[in-house]
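# Fold and geometry: a report
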Amino acid sequence: MVKVGIIVGSLRKDSFSKKIAKNVATLFPNGFETEFVQIGNLPLYNQDFDDTNDAPSEYSSFRDAAKQLDAILFVTPEYNRSVPAVLKNALDVGSRPYGQSVWDGKPAAIISQSPGKLSAFGANHHLRQSLVFLNMPVLQQPEAYIGNVGNLLDDSGKINDDNTVQFLQSFVDAFVELIKKYVA
Ligand code: FNR
């Protein structure tokens, strides 16, 4: 079974990103399982902890959980034209101590969303910039920018637009093909 971790860049209870992620989780084929990775409990990364034995226990639980994953799907909003701090913090925590990054070589894909028209393009591409440095092969096409997200979800959080579901299915299919290249 291939394990795909899903990391959502918003802690908001009614987060659109979380709702989109829940819909996308259902689109993976047999042989793939998805798991939501929680990042809201991680204390802010501090490099001093890399050299001591008293790093927050949340760091090691998070790193251990991330190491078990074969691939990562990021679903995120944009905060101030960039990646929400909680998501950047999770990337930083997972990337250290130096040489022990949990991200190295793991295939990844990004979905960005916004209630407006710009679809969090800025966050999507700032996140890509970090993933290049983290040596994560990132799905190039199709790119997933979900705009006007509030109009795409029904009261139960289900995507009510067939074109969007079809697009997200093609996105997942392409991600699955990418993952297969890296996971035996
Ligand atoms: C935002 N929002 C926002 N939207 C956007 O398109 N570009 C931006 O730069 C920002 N900046 C921003 C900063 C902060 C601090 C907040 C709280 C919000 C609006 C944002 O897209 C909206 O709140 C989304 O609903 C957030 O995603 P979730 O929480 O629904 O997943």
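Within any chain, residue numbers begin from 1 and follow the written order of that chain's sequence. Residue-level local features of this predicted model are given only where pLDDT is at least 70; pairs of side-chain atoms are given and counted only at 80 or more, and the full residue set underlies all totals for whole chains, interfaces and linings.

Inclusion rule: UniProt positions are given in the numbering used here, feature names are shortened, and annotations may be inferred rather than shown by experiment.
The name an unreviewed UniProt entry gives the chain is NADPH-dependent FMN reductase, with Sporosarcina contaminans as the organism. Annotation of the chain in UniProt includes, under Sequence similarities (unreviewed entry), the sentence "Belongs to the azoreductase type 2 family."

### A word on the UniProt feature "domain: NADPH-dependent FMN reductase-like" (unreviewed entry) in the chain
Rule in force here: Only DSSP runs of H or I covering at least 4 residues are called helices, and only runs of E covering at least 2 are called strands; the numbering of each starts at the N terminus.
In the numbering used here, UniProt assigns the feature "domain: NADPH-dependent FMN reductase-like" (unreviewed entry) to residues 2-148. Summarising residues 2-148: 31% helix, 18% strand, and an end-to-end C-alpha distance of 32 Å.

### Side note on the environment of S170
Note the threshold: We call a residue exposed when 12 or fewer other C-beta atoms sit within 10 Å of its C-beta, buried when the count reaches 20 or more, and partly exposed for counts in between; the C-beta positions come from the backbone.
Take S170: it is sitting in helix α5 (residues 162-182). Residue class for S170 comes out partly exposed when judged on the 14 C-beta atoms lying within 10 Å of it. Put simply, S170 and L27 are 143 residues apart on the chain and 9.4 Å apart in space, counted from C-alpha to C-alpha.

### Thoughts on the site of the ligand
Rules: By definition, a residue lies near a molecule or strand when the C-beta atom built from its backbone is within 6 Å of it. Charged residues are taken to be Asp, Glu, Lys and Arg, nonpolar residues to be Ala, Val, Leu, Ile, Met, Phe, Trp, Tyr, Cys and Pro, and polar residues to be all remaining types, Gly included.
In the neighbourhood of the ligand, 15 residues make up the surrounding shell, with S10, S15, F16, S17 and P77 lying closest. Residues belonging to the shell around the ligand are distributed by class as follows: six nonpolar, six polar and three charged.

### Things to note about the nonpolar core
The test is simple: Defined on buried residues, the nonpolar core groups Ala, Val, Leu, Ile, Met, Phe, Trp, Tyr and Cys residues joined through C-beta atoms within 7 Å. By the convention adopted here, residues are in contact when the distance between their C-beta atoms, placed from the backbone, does not exceed 7 Å.
If you look at the biggest cluster of nonpolar residues, it comprises 46 residues, and the most contacted ones within it are I7, I20, V24, L73, F74, V75 and A108. It is α5 that provides the largest number of residues to this core, a total of six residues. Excluding anything up to four places from it in sequence, A108 contacts A71, I72, F74, L131, M136 and V138.

### A closer look at the sheet that holds strand β3 (residues 71-76)
Put simply, the rule is: Only strands that DSSP links by at least two bridges are regarded as paired with each other. The axes are straight lines fitted to the C-alpha atoms, using for helices just the contacting stretch, and the angles between their N-to-C directions are given from 0 to 180°.
In spatial order, the strands read β2-β1-β3-β4-β5; together these five strands make up an open sheet with parallel pairing. The open sheet is flanked by β2 (32-36) and β5 (144-146), the only strands paired with a single partner. Mean inter-strand twist for the sheet, computed between neighbouring axes without regard to direction, equals 20 degrees. Where strand β4 (residues 108-113) meets β5, three bridges bridge the pair, whose relative direction is parallel. Across the sheet, I111 pairs through a bridge with A144, a residue of β5. Where helix α4 (residues 121-133) meets the sheet, it contacts β3, β4 and β5, and its direction lies at approximately 160 degrees from that of β4.

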